[in-house]
Amino acid sequence: MPQLLRVWRVDAGVKLRREKAIPQKEVAELMGVSERWYRSLESGDSVSLSSDILARLSRVLVLGPDERMVLYSRALDGAGIALADDEGAAEDQLALLRLVTGQTQFPAYLTDGSWNILGYNTLMADWFPWVRKPGANLMHWALTDQEAREQMLDWRQHAEIYLAMLRFALATGSDKASLDCLVQRILQDPTCRQLWAQGPKVIAFRQGHRYRLSLPHISPEQITVTSQVLLPAYQHGMRCVMLMPQNRALPWRVRIPAQQNGSSAE
């Protein structure tokens, strides 16, 4: 957390239109604590953190909702984050799979907390055949696969957001070993290492984010979609994601070339 606090002081300075980071002394004064106490916090020393102190710190550093979630999770060691209990978990996850695979209007998929693909519908497989591969992982594909860089227009901007989501997951997720392994695999890519080194930004979710896609096997024209993320209660880390196309007239299925007898299928 010390590194995050230092970065957040810099960001707060920018948000407040300062020329530099908010000084530690000012942060302490605005929080109503001693400068020594705040210096200890930013140095990583063990200090008492009540919910009131965390709220004051969030206000002074002008933290957004994603950053607040990281702050509280780090400070409270994950307290208050809903976790699925074992009883009935498998049945609930099966229901989520049915929700995703039964969707026929737009591409949909289900991932776990490490972005492993748990399920997908026919449209998702038509648009992105890589989901059929054993061990398919959304983050690994989106950040390291050349196909992703060609299909996702403005790839670099998307990559910066995906990496910020990975940082958030590392700070708040329960399966840190799996996430750490995923990040290490991704950072073997030179471009991803460069983007990762730019700073510890964090983003929780990508709700309502717009993508511009180039999928010639689906449409000769650019496709614009908006992602809608559903977070099931008590299924910690799981995400149901649906890609809502802007163009309702888009051909939904891959077009198969006409057979020699002149017939065609879609």
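Structure: see above.
Please read these numbers as outputs of a predicted model, since none were measured by experiment.

This next bit is on the sheet that holds strand 5 (residues 239-245). Overall, antiparallel pairing links the five strands, which are arranged 2-1-5-4-3 in an open sheet. One side of each edge strand has no neighbouring strand; the edge strands of this open sheet are strand 2 (117-120) and strand 3 (210-213). On average, each strand axis in the sheet is inclined to that of its neighbour by 30°, with strand direction left out of account. Bridge count for strand 4 (residues 223-230) against strand 5 is six bridges, and the pairing is antiparallel. The residue of strand 5 that forms the bridge with valine 229 is valine 241.

With that settled, consider the layout of surface pockets. Reported here for the second largest pocket is a volume of approximately 230 Å³. Lining of the second largest pocket is provided by 11 residues; of these, Gln3, Leu4, Arg167, Trp196 and Pro200 occupy positions nearest its centre. At the level of elements, helix 1 (2-15) and helix 10 (155-172) are the ones that each hand at least two residues to the lining of the second largest pocket. Residues that form the lining of the second largest pocket fall into these classes: seven nonpolar, two polar and two charged.

What follows concerns the packing of aromatic side chains. Scanning the entire structure with this criterion turns up three aromatic pairs. Aromatic pair tryptophan 127 and phenylalanine 128: ring centres 6.3 Å apart, planes at 55°, arrangement tilted. By relative accessible area, which is 6% here, phenylalanine 128 ends up buried. Residues phenylalanine 128 and tryptophan 141 carry aromatic rings whose centres are separated by 5.7 Å and whose planes lie at 70° to one another, so their mutual orientation is edge-to-face. Residue phenylalanine 128 is found in the loop between helix 7 (122-127) and helix 8 (138-144), and its partner tryptophan 141 is found in helix 8; the two are separated by 13 residues along the sequence. Put simply, the rings of Trp127, Phe128, Trp130 and Trp141 touch in pairs and so form one group of aromatic residues.

Turning to the side chain of arginine 167, a few remarks are in order. Relative to the helices and strands, arginine 167 is located in helix 10. Salt bridges are absent for the buried arginine 167, whose nearest opposite-charge side chain, glutamate 160, sits at 9.4 Å. Here the side chain of arginine 167 touches tryptophan 196 through a polar contact of 2.4 Å, landing on its backbone oxygen. Ignoring anything within four residues of it in the chain, the contact list for arginine 167 reads Leu195, Trp196, Ala197, Gly199, Pro200, Lys201 and Val202.

Now for the nonpolar core. Core analysis: the largest hydrophobic core is formed by 41 residues, its most contacted members being Phe128, Met139, Leu143, Leu166 and Leu213. Of all the secondary-structure elements, those providing two or more residues to this core are helix 7, helix 8, helix 10, helix 11 (176-186), helix 12 (190-196), strand 3, strand 4 and strand 5. Here the element with the most residues in this core is helix 10; it accounts for eight residues. Beyond its immediate stretch of four places on either side in the chain, phenylalanine 128 contacts Trp141, Gln151, Leu213, Leu215 and Leu243.

Below, the discussion takes up the side chain of asparagine 137. Tracing the sequence through the fold places asparagine 137 in the loop between helix 7 and helix 8. The class for asparagine 137 is buried, based on a relative accessible area of 7%. Looking at asparagine 137, its side chain comes within polar contact range of the main-chain oxygen of tryptophan 115, at 3.4 Å. Those residues within four positions of asparagine 137 in sequence are excluded, and the remaining contacts are Ser114, Trp115, Asn116, Ile117, Trp130 and Leu182.

Glancing now at the pairing of strand 3. With burial as the criterion, only one face of strand 3 is covered, namely that bearing Tyr211 and Leu213; the residues Arg210 and Arg212 on the opposite face remain uncovered. Pairing of strand 3 with strand 4, which is carried by four bridges, proceeds in the antiparallel orientation. Within strand 4, the residue paired with arginine 210 across the bridge is threonine 226.

Rules and cut-offs
Residues numbered from 1 in each chain as written. Predicted model: local features only at pLDDT ≥ 70, side-chain atom pairs only at ≥ 80, totals over all residues. Heavy atoms only, no water. Pairing = 2+ DSSP bridges. Helix = DSSP H or I, 4+ residues; strand = E, 2+ residues; numbered from the N terminus. Axes fitted to C-alpha atoms, helices over the stretch in contact; angles between N-to-C directions. 1 Å grid on protein atoms, 1.4 Å probe; cavity = no way out; pocket = protein on both sides within 12 Å on 5 of 7 lines; lining within 4 Å. Points joined across faces, edges and corners; volume = space filled by probe spheres on them. Nonpolar A, V, L, I, M, F, W, Y, C, P; charged D, E, K, R; others polar. Phe/Tyr/Trp six-rings, centres within 6.5 Å; stacked < 30°, edge-to-face > 60°. Buried < 20%, exposed > 50% of the residue type's maximum accessible area, 1.4 Å probe, protein only. Lys, Arg positive; Asp, Glu negative; His and termini not counted. Salt bridge = Lys/Arg side-chain N within 4 Å of Asp/Glu carboxyl O. Polar contact = N/O pair within 3.5 Å; in protein donor to acceptor, adjacent residues only side chain to side chain. Contact = heavy atoms within 4.5 Å. Core = buried A, V, L, I, M, F, W, Y, C linked by side-chain atoms within 4.5 Å.

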